[in-house]
Amino acid sequence: LPARVLSGRHVIVTSGPTHEPIDPVRYIANRSSGAQGAAIAAALRDLGARVSFITGPAEVPPPEGVAVVAVETAREMRAAVEAALPADAAVMAAAVADWHVANARPGKIKKDGSGALPELQFAENPDILAWISQLGRERPSLVVGFAAETDDVLDNAARKRKRKGCDWIVANDVSPATGIMGGTENAVTLISEAGAESWPRLSKDEVAHRLAARIADALNAGDGM
Ligand code: C5P
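Worth saying up front: this structure is predicted, and the values here are computed from it rather than measured.

**Student:** Where do I start with the site of the ligand in this structure?
**Tutor:** Every residue near the ligand is listed here: Met92, Ala94, Val96, Pro126, Asp127, Ile128, Leu129, Gly145, Phe146, Lys160 and Lys164. In the model, an oxygen atom of the ligand is placed 2.8 Å from a nitrogen or oxygen of the Lys164 side chain. Burial of the ligand by the surrounding chains reaches 86%, relative to a free accessible area of 440 Å². In this structure the site holding the ligand corresponds to the largest pocket. Mapped by element, the contributors of at least two residues to the shell around the ligand are α3 (128-133), β9 (142-149) and α4 (153-164).

In C-alpha cells, the structure reads:
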C-alpha cells in the first residue's frame, strides 16, 4: 500500500466534458471521456487525500471513495468548485466548453417546415482554472491545469501556464493520430516555473500515480513546486 502522504489534505479535481444546452433535448459537448481525471482522483485518494471530484457527464464512472459532485455545464462546474473550497490543491482536468449557447431555448426547437434554420448565439464560459489561480486568500497552494493541444504543444502550454496563473500545466498532444483522447494511454509533459519534464507514453493510471506523487511532494515541501 502507498504511504498516506496526503492524509489531511483536501484536493479538488475537475473532470470530464461539460454539456452546454441548446434546448431541453440538445447540447454541445466534446470528446473528453473523463478517464484521466478519474484516474487522478483515484491516485490522490490512494495517497490519503480527501478528494472533491467535480465531474461533467463522463463516459467512465467516478472512482469510489471520493466526494462526487455531478454537473452538466461549465457554469455549474465553477459553482461546484467554489462550494468545495478551501482546498490544498486543485487539479483541473475537465475539458470545459469555452462557450455556452446564450440563446438556449426552454422548449425544443422545432422544424417549422419553412426551411428556416436556427441561429445559435454563443457567450463565453467562466475560465475555472484562471479564476481559481487568481483567487486571493482562498487560492489552493498548488493549482494544476491541463493543456490539450494539437499544435506547438509545449510552447502553447507554457504560455497557457503564464496566462492562467496556475503553478503547473500538464501538456498533452491530442492530435487524432495519437489516439489519446478517449484512449487508455497518455504522453504528457509537466510544465512548471522550473521548466518542462516529458514523461514517456504511459497508461492514464500511471500518469495519474506519478502526478499524485508529485503533488504530494510539492505540498509536503510547502512550496509551489
Ligand atoms: O484554455 P484551455 O481550455 O485550453 O485550458 C485548459 C485548462 O483550463 C484545463 O485545465 C481546463 O480544465 C481548464 N479550463 C477551465 N475552465 C474553462 C476552460 C478551461 O477550468 N472554461
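**Student:** Teacher, can you tell me more about the pattern of salt bridges here?
**Tutor:** Opposite charge on two side chains lets them pair, provided their charged atoms get close. Scanning the entire structure with this criterion turns up twelve salt bridges. Note that Glu197 and Arg214 form a salt bridge whose closest N and O atoms lie 2.8 Å from each other. One end of the pair, Glu197, is in strand β13 (residues 195-198); the other, Arg214, is in helix α5 (residues 204-221), with 17 residues separating them in the sequence. Note on Glu197: relative accessible area 33%, which makes it partly exposed. Judged by its relative accessible area of 22%, Arg214 falls in the partly exposed class.

**Student:** Before we go on, may I ask you to explain the environment of Gly56 in this structure?
**Tutor:** Within the secondary structure, Gly56 sits in the loop between β4 (50-55) and β5 (67-70). Leave out the neighbours within four places in its chain, and Gly56 touches Ser15, Pro17, Val71 and Met77.

**Student:** I tried to follow the layout of surface pockets on my own but got confused; where do I start?
**Tutor:** Think of a ball as big as a water molecule: rolled over the atoms, this probe shows where empty space is left. Space inside the largest pocket adds up to approximately 980 Å³. Considering the residues around the largest pocket, the lining is formed by 40 residues, among which Ala93, Ala94, Ala95, Val96 and Ala148 are closest to the centre. Here the residues of the lining of the largest pocket sort into 20 nonpolar, 14 polar and six charged. When its volume is computed, the second largest pocket comes out at roughly 170 Å³.

**Student:** Is there a simple way to explain the sheet that holds strand β12 (residues 188-192) in this structure?
**Tutor:** Where strands meet in a sheet, backbone hydrogen bonds hold them as pairs that are either parallel or antiparallel. The strand order across the open sheet built from eight strands is β5-β4-β1-β6-β9-β10-β12-β13, with neighbouring strands paired in mixed fashion. Pairing within the sheet leaves two strands with one partner each, and these edge strands are β5 and β13. Geometrically, the sheet is characterised by an average inter-axis angle of 15° between neighbouring strands, direction not taken into account. In terms of strand pairing, strand β10 (residues 168-173) meets β12 through four bridges, oriented antiparallel. The residue bridging Asn172 from the neighbouring strand is Val188, located in β12. Contacts between helix α1 (residues 35-46) and the sheet are confined to β1 (10-15), β4, β6 (89-92) and β9, with β1 contributing the most and set at about 165° to the helix.

**Student:** Can you help me understand α4 in this one?
**Tutor:** Along an α-helix, residues three or four apart share an orientation, since each turn contains 3.6 residues. Under the 1.5 Å per step criterion, the end-to-end length of α4 is 16 Å for twelve residues, consistent within 8% with the ideal 16 Å. Of all the residues in α4, the buried ones are Val153, Ala157, Lys160, Arg161 and Lys164. Burial along α4 is one-sided: seen end-on, the buried residues are contained in an arc of 105°. Looking at α4, the residues exposed on the side facing more than 90 degrees away from the buried face are Lys162 and Arg163. Buried-residue contacts for α4 involve α3, β9, β10 and β12. Two residues or fewer past α4, Gly165 is found with a positive phi of approximately 90°.

Conventions used here
Residues numbered from 1 in each chain as written. Predicted model: local features only at pLDDT ≥ 70, side-chain atom pairs only at ≥ 80, totals over all residues. Heavy atoms only, no water. Near = heavy atom within 4 Å. Polar contact = N/O pair within 3.5 Å; in protein donor to acceptor, adjacent residues only side chain to side chain. Areas by Shrake-Rupley, 256 points an atom, 1.4 Å probe, with all protein chains shown as cover. 1 Å grid on protein atoms, 1.4 Å probe; cavity = no way out; pocket = protein on both sides within 12 Å on 5 of 7 lines; lining within 4 Å. Sits in = over half its atoms within 2 Å of the grid points. Helix = DSSP H or I, 4+ residues; strand = E, 2+ residues; numbered from the N terminus. Salt bridge = Lys/Arg side-chain N within 4 Å of Asp/Glu carboxyl O. Buried < 20%, exposed > 50% of the residue type's maximum accessible area, 1.4 Å probe, protein only. Contact = heavy atoms within 4.5 Å. Points joined across faces, edges and corners; volume = space filled by probe spheres on them. Nonpolar A, V, L, I, M, F, W, Y, C, P; charged D, E, K, R; others polar. Pairing = 2+ DSSP bridges. Axes fitted to C-alpha atoms, helices over the stretch in contact; angles between N-to-C directions. Expected span 1.5 Å × (residues − 1). Arc of directions from axis to C-beta.

Note that every value here comes from positions in space, so none of it alone points to a role or purpose.
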